[in-house]
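Chain residues, written in single-letter form:
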Amino acid sequence: MRKKIVAGNWKMNKTLQEGIELAKEVNNKVKEADIKNVTVVIGTPFIHLAEINKIVDPNFIAVSAQNCATEASGAYTGEVSAAMVASTGSKYVILGHSERRSYYGENDAILVKKVERALENQLEVIFCVGEVLAEREANKHFEVVKSQLVNGLFSLPAEQFAHIVIAYEPVWAIGTGKTATSTQAEEMHNFIRKTVAEKYGQAVADNTSILYGGSCNAKNADELFSQPNVDGGLIGGASLKADDFMAIINARQNH
Ligand code: PEP
């Protein structure tokens, strides 16, 4: 049975003190609501990871980094390795986010190395894929997403692929307030599952969680999560307020 997951991506928001406050609030609300059948993840900036791992109850919340280095260790000034992320108690890392792909030039070859480092350190990977608007308008969205999957992930053996969560995030929907319709999301999630099945077999595909990301909020989460292949969400803006994030978690719990 694949996991239902609601993962917050704080991006470059919140000072350490603000982050601690938000994590405490989310932790309390999730525990109070006794959320058991949704894996709740919070993706914080690197410097928050160690402190926030001390605050949250690991039975209810897992902590994620938003990136890791391509290399294992050494003279790479300013980088943070997957081993360092894991040493904070974090269980997940978000890789291949469109902001990293477009602002920091992260291509398939770079992402393959980051995924390898993450898996070597027992981190679960939330791997983001998604097309830009021009690609959708040119009807190339399936081709683009397939190429991101094949070139970023499909060199992994099946036992390692089991530690991958896929997040479909149409770039035109991220932070824009413009959400994919539930039909568009389901169509792509179904395509992603089919593509995974062609490579790894139906059983692996059926066990792979596929999250939707892109202006998912308290109002549209219910409709998106009602789709059979939408297993949860990767949430940016709406994860920065505990009540909004909690409403999305509740929407997932209730389906
Ligand atoms: C994201 O950054 O992963 C994201 C989905 O952002 P937002 O929810 O703000 O569109």
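Shown above is the structure to which this text applies.
Since this is a predicted model, take the numbers as computed values, not measurements. (Residues numbered from 1 in each chain as written. Predicted model: local features only at pLDDT ≥ 70, side-chain atom pairs only at ≥ 80, totals over all residues. Heavy atoms only, no water.)

Pairs of aromatic rings are described using the distance from one ring centre to the other and the angle between the two planes. Counted by the stated rule, this structure contains six aromatic pairs. Judged by centre distance (6.4 Å) and plane angle (80 degrees), the rings of Tyr103 and Tyr104 are edge-to-face. Comparing Tyr103 with Tyr104, the two get one shared label, exposed. One aromatic cluster is present, built from ring pairs that chain together Phe154, Phe161 and Tyr200. The ring of Tyr200 has Lys199 sitting right over it, with the charged end atom 5.7 Å from the ring centre. (Phe/Tyr/Trp six-rings, centres within 6.5 Å; stacked < 30°, edge-to-face > 60°. Buried < 20%, exposed > 50% of the residue type's maximum accessible area, 1.4 Å probe, protein only. Lys NZ or Arg CZ within 6 Å of the ring centre and 35° of its normal.)

Another aspect to go through is unusual backbone geometry. Positive phi outside glycine occurs at Gln122, with the angle close to 60 degrees. Among the secondary structure elements, Gln122 is positioned in the loop between helix H5 (108-120) and strand E5 (124-129). Exposure remark for Gln122: the relative accessible area of 64% places this residue in the exposed category. Phi is positive for Asn139, close to 60 degrees, though the residue is something other than glycine. With respect to the secondary-structure elements, Asn139 resides in the loop between helix H6 (133-137) and helix H7 (141-153). (Helix = DSSP H or I, 4+ residues; strand = E, 2+ residues; numbered from the N terminus.)

Within a sheet, neighbouring strands are paired by backbone hydrogen bonds and run either parallel or antiparallel to one another. A barrel is described by the order of its strands in space; here eight strands give the closed sequence E1-E2-E3-E4-E5-E6-E7-E8, paired in parallel fashion. This sheet shows a mean twist of 25 degrees between the axes of neighbouring strands, independent of strand direction. Looking at chain direction, strand E1 (residues 5-9) and strand E8 (residues 232-235) are connected through four bridges and run parallel. Looking at E8, one finds that Ile5 is bridged to Gly232. In the packing of H7 onto the sheet, the strands contacted are E5 and strand E6 (164-168), and the crossing angle to E5 comes to about 145 degrees. (Pairing = 2+ DSSP bridges. Axes fitted to C-alpha atoms, helices over the stretch in contact; angles between N-to-C directions. Contact = heavy atoms within 4.5 Å.)

Here we come to the site of the ligand. Surrounding the ligand, one finds 14 residues, the nearest of these being Lys11, His97, Glu169, Gly175 and Ser215. Contacts to the ligand include His97, whose side-chain N or O atom sits 2.8 Å from an oxygen atom. In this structure, an oxygen atom belonging to the ligand sits 2.8 Å away from a main-chain N or O atom of Gly237. Notes on the ligand: free accessible area 290 Å², of which the protein chains cover 95%. (Near = heavy atom within 4 Å. Polar contact = N/O pair within 3.5 Å; in protein donor to acceptor, adjacent residues only side chain to side chain. Areas by Shrake-Rupley, 256 points an atom, 1.4 Å probe, with all protein chains shown as cover.)

So, on to the layout of surface pockets. The calculated volume of the largest pocket comes to roughly 460 Å³. A per-element tally of the lining of the largest pocket places helix H4 (residues 98-103) first, with three residues. For the lining of the largest pocket, the residue count by class is six nonpolar, five polar and three charged. (1 Å grid on protein atoms, 1.4 Å probe; cavity = no way out; pocket = protein on both sides within 12 Å on 5 of 7 lines; lining within 4 Å. Points joined across faces, edges and corners; volume = space filled by probe spheres on them. Nonpolar A, V, L, I, M, F, W, Y, C, P; charged D, E, K, R; others polar.)

Applying the stated criterion to the full structure yields 15 salt bridges. Among the charged side chains, a salt-bridge network with shared partners connects Arg2, Arg193 and Asp231. (Salt bridge = Lys/Arg side-chain N within 4 Å of Asp/Glu carboxyl O.)

Looking now at the pairing of strand E3 (residues 61-65). Counting buried residues along E3, five of its five residues qualify, which places the element largely inside the surrounding structure. Taking every second residue as pointing to the same face, both faces of E3 are buried, with Ile61, Val63 and Ala65 on one and Ala62 and Ser64 on the other. As paired strands, strand E2 (residues 39-43) and E3 are joined by four bridges and run parallel to one another. Residue pairing across strands places Val41 opposite Ala62, the latter belonging to E3. Crossover E2 to E3 through helix H2 (residues 49-55) is right-handed. (Right-handed = clockwise from strand over helix to strand, strands pointing away.)

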